[in-house]
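These are the residues of each chain, in order.
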Amino acid sequence: MNKLFLTASAASIAVALSAGASFAQSRDTIQIAGSSTVLPFASIVAEEFGNAFPDFKTPVVGSGGSSGGLRQFCGGVGENTIDIANSSRRIRPAEVEACNAAGVNKILEVQIGYDGIVFATSANQGDFQLQPVHVFKAIAAQVPVDGELVNNTYKNWNEIDPSLPDQAINVAIPASNHGTREVFEEKVLHAGCEEAGMPELDKEALQKACTSLRQDVVVEIAGDYTETLARLQSNPATVGVFGLSFYDQNRDTLKVASVSGVTPSLETIASGEYPVSRPLYFYVKGEHIGTVPGIEEYVEFFLSDQMAGVGGTLEGAGLIPAPAEETAEVLAEFKEGKAIAVADVQ
């Protein structure tokens with residue numbers, strides 16, 4: 001039995017080596033997928049990279065959301081799996097485990113800068129000065145009344161707070177396949193839930209109460225931000241949740257809300273004053289470096305001052321640059337091949 005096992009193992013290794021050799025000869029274009037927030041930045045870099053490095057083909061950049069991109073990334077090693085996953089949140093421990101189980105052990109994390117999550121309406125709608133508790137009370141399935149949770153019956157925003165517009169509650173938020181959703185839940189829903197004066201609940205019940213949403217006024221958008229924008233165009237009373245960079249590209253038709261008294265901007269997000277901000281990432285499959293040409297060069301080009309630095313191309317497109325010393329550390333760790341482990345992201 002041991003002999004048979006060893007023979008089978010040797011055969012498996014031979015097949016894997018053969019597949020690796022075939023892979024090395026069969027694909028010469030970097031394949032990228034994931035976050036719709038990171039998508040426009042990655043698309044710009046890919047195009048510029050193709051122009052600046054004629055020896056390499058222009059990378060192919062797709063969307064699919066952070067979770068979708070990481071799912072593809074963790075699908076294994078080889079020509080039919082992507083090389084880079086864009087993400088608007090950090091990779092989760094369960095995703096690292098899934099990667100490792102599929103043979104993806106060299107997960108290289110690259111933080112590219114920062115973005116803010118904004119609430120925007122059509123430009124001809126009322127002005128919103130939101131607090132997280134306003135958003136929670138607008139869209140939670142149940143809200144606290146006299147110490148008890150009751151079904152949410154708010155119809156208009158001004159019923160929640162007289163300072164808000166007399167406008168029907170309609171909210172378009174990212175679906176769970178987007179990294180933006182996780183940050184939205186953490187920094188808006190959970191914060192608002194804490195402020196709402198919830199009754200005494202156990203941890204599991206509180207988590208459910210804080211994140212269970214109404215079905216009558218909330219639309220969850222599985223596609224990218226253009227789908228959210230289309231929702232606002234079809235129903236101008238809708239409040240949409242976007243990344244700041246997408247809002248910046250459409251500010252001629254959109255009006256942004258302040259959150260906790262702070263208007264989102266490059267300056268307020270970079271300073272940490274605006275409360276709903278997050279770092280942006282992409283993840284590189286280390287096993288593909290040296291096999292798919294141009295990956296190392298792409299990463300270095302993305303993190304260059306020309307692209308991701310202050311005054312660089314991506315800042316003009318809405319990315320909030322990280323401090324230069326932070327980016328230098330990220331690049332150094334990438335060059336060292338420092339891989340992410342489950343313990344690093346718990």
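Read on for an overview of the structure.

### Examining the nonpolar core
In terms of nonpolar packing, the biggest core is built from 49 residues, with F119, L130, I139, W157, F184 and F242 touching the most fellow members. One finds A42, V110, L314 and F334 within the second-largest nonpolar core, a separate group that totals 29 residues.

### Examining the packing of helix α5 (residues 132-139) against helix α7 (residues 179-195)
Viewed as axis vectors pointing N to C, α5 and α7 meet at an angle of 90°, and their least axial separation amounts to 7 Å. Classified by the angle between their axes, α5 and α7 sit roughly perpendicular to one another. For the pair formed by α5 and α7, the contact residues are P132, V133, V135, F136 and I139 on the first element and F184, K187, V188, L189, A191, G192, C193 and E195 on the second.

### Thoughts on the state of the cysteines
Under the definition given, this model contains two disulfides. Between the sulfur of C74 and that of C99 lies a disulfide, 2.0 Å long from S to S. The chirality of the disulfide connecting C74 with C99 is left-handed, given an S-S dihedral of about -75°. Remark: C99 occurs in helix α4 (residues 93-101) and C74 occurs in the loop between α3 (66-73) and β3 (84-87); sequence separation between them is 25 residues. The buried category is assigned to C99, whose relative accessible area is 0%. Shown here is the disulfide that connects C193 with C210, its sulfur atoms set 2.0 Å apart. Between C193 and C210 the disulfide shows an S-S torsion of about -70°. By sign, it is left-handed.

### A few points about the packing of aromatic side chains
Under the criterion given, the structure shown has 15 aromatic pairs. Between F49 and F56, the ring centres sit 5.9 Å apart and the planes meet at 10°, which makes this aromatic pair stacked. Judged by centre distance (5.8 Å) and plane angle (85°), the rings of F53 and F301 are edge-to-face. Residue F53 is found in the loop between α2 (39-52) and β2 (60-64), and its partner F301 is found in helix α12 (residues 295-302); the two are separated by 248 residues along the sequence. When its relative accessible area of 27% is taken as the criterion, F53 is described as partly exposed. An aromatic cluster is defined as three or more aromatic residues linked by ring pairs; in this entry it consists of F49, F53, F56, F282, Y298, F301 and F302. A cation over a ring is seen here: K285 above F73, with NZ or CZ 5.1 Å from the ring centre.

### Topic: the pairing of strand β6 (residues 142-145)
Taken together, the four bridges between β6 and strand β7 (residues 148-151) define a ladder with antiparallel strand orientation. In the strand pairing of β7, Q142 is matched with N151.

### Points about empty space enclosed by the protein
Scanning the model with the defined rule gives two cavities of 30 Å³ or more in all. Estimates place the volume of the largest cavity at around 40 Å³. In this structure, the largest cavity is lined by F119, A120, T121, G126, D127, F128, L130, V239, K255, V256 and A257. Of all the elements in the fold, those that place two or more residues in the lining of the largest cavity are β4 (107-122) and β11 (254-256). It is β4 that contributes the most residues to the lining of the largest cavity, three residues altogether. For the lining of the largest cavity, the per-class residue count stands at seven nonpolar, two polar and two charged. Counting residues per element, the lining of the second largest cavity draws most heavily on helix α10 (residues 244-249), at three residues. Counted by class, the lining of the second largest cavity contains three nonpolar, four polar and no charged residues.

### Side note on the layout of surface pockets
Estimates place the volume of the largest pocket at around 260 Å³. Elements with a minimum of two residues in the lining of the largest pocket: β4 and α15 (324-336). If one sorts the elements of the lining of the largest pocket by residue count, α15 sits on top with five residues. When grouped by side-chain class, the residues that make up the lining of the largest pocket number four nonpolar, one polar and seven charged.

### Some details on the packing of α2 against α12
Here α2 crosses α12 at 115°, and the two axes come no closer than 10 Å. As α2 runs across α12, the sense of the crossing is right-handed. Contacts between α2 and α12 involve F41, A42, V45, A46, E48, F49 and A52 from the first element and E297, Y298, F301 and F302 from the second. Grouping the amino acids of the contact of α2 with α12 by side-chain chemistry returns nine nonpolar, no polar and two charged.

### Focus on α5
Buried residues dominate α5, accounting for seven of its eight residues. Taken as a whole, α5 has its buried residues at P132, V133, H134, V135, F136, A138 and I139.

What counts and what doesn't
Residues numbered from 1 in each chain as written. Predicted model: local features only at pLDDT ≥ 70, side-chain atom pairs only at ≥ 80, totals over all residues. Heavy atoms only, no water. Core = buried A, V, L, I, M, F, W, Y, C linked by side-chain atoms within 4.5 Å. Buried < 20%, exposed > 50% of the residue type's maximum accessible area, 1.4 Å probe, protein only. Axes fitted to C-alpha atoms, helices over the stretch in contact; angles between N-to-C directions. Helix = DSSP H or I, 4+ residues; strand = E, 2+ residues; numbered from the N terminus. Parallel < 35°, antiparallel > 145°, perpendicular 65-115°, else oblique. Contact = heavy atoms within 4.5 Å. Disulfide = S-S within 2.5 Å. Phe/Tyr/Trp six-rings, centres within 6.5 Å; stacked < 30°, edge-to-face > 60°. Lys NZ or Arg CZ within 6 Å of the ring centre and 35° of its normal. Pairing = 2+ DSSP bridges. 1 Å grid on protein atoms, 1.4 Å probe; cavity = no way out; pocket = protein on both sides within 12 Å on 5 of 7 lines; lining within 4 Å. Points joined across faces, edges and corners; volume = space filled by probe spheres on them. Nonpolar A, V, L, I, M, F, W, Y, C, P; charged D, E, K, R; others polar. Left-handed = near helix turned anticlockwise from the far one by under 90°.

By themselves, these observations are geometric and do not establish any function.
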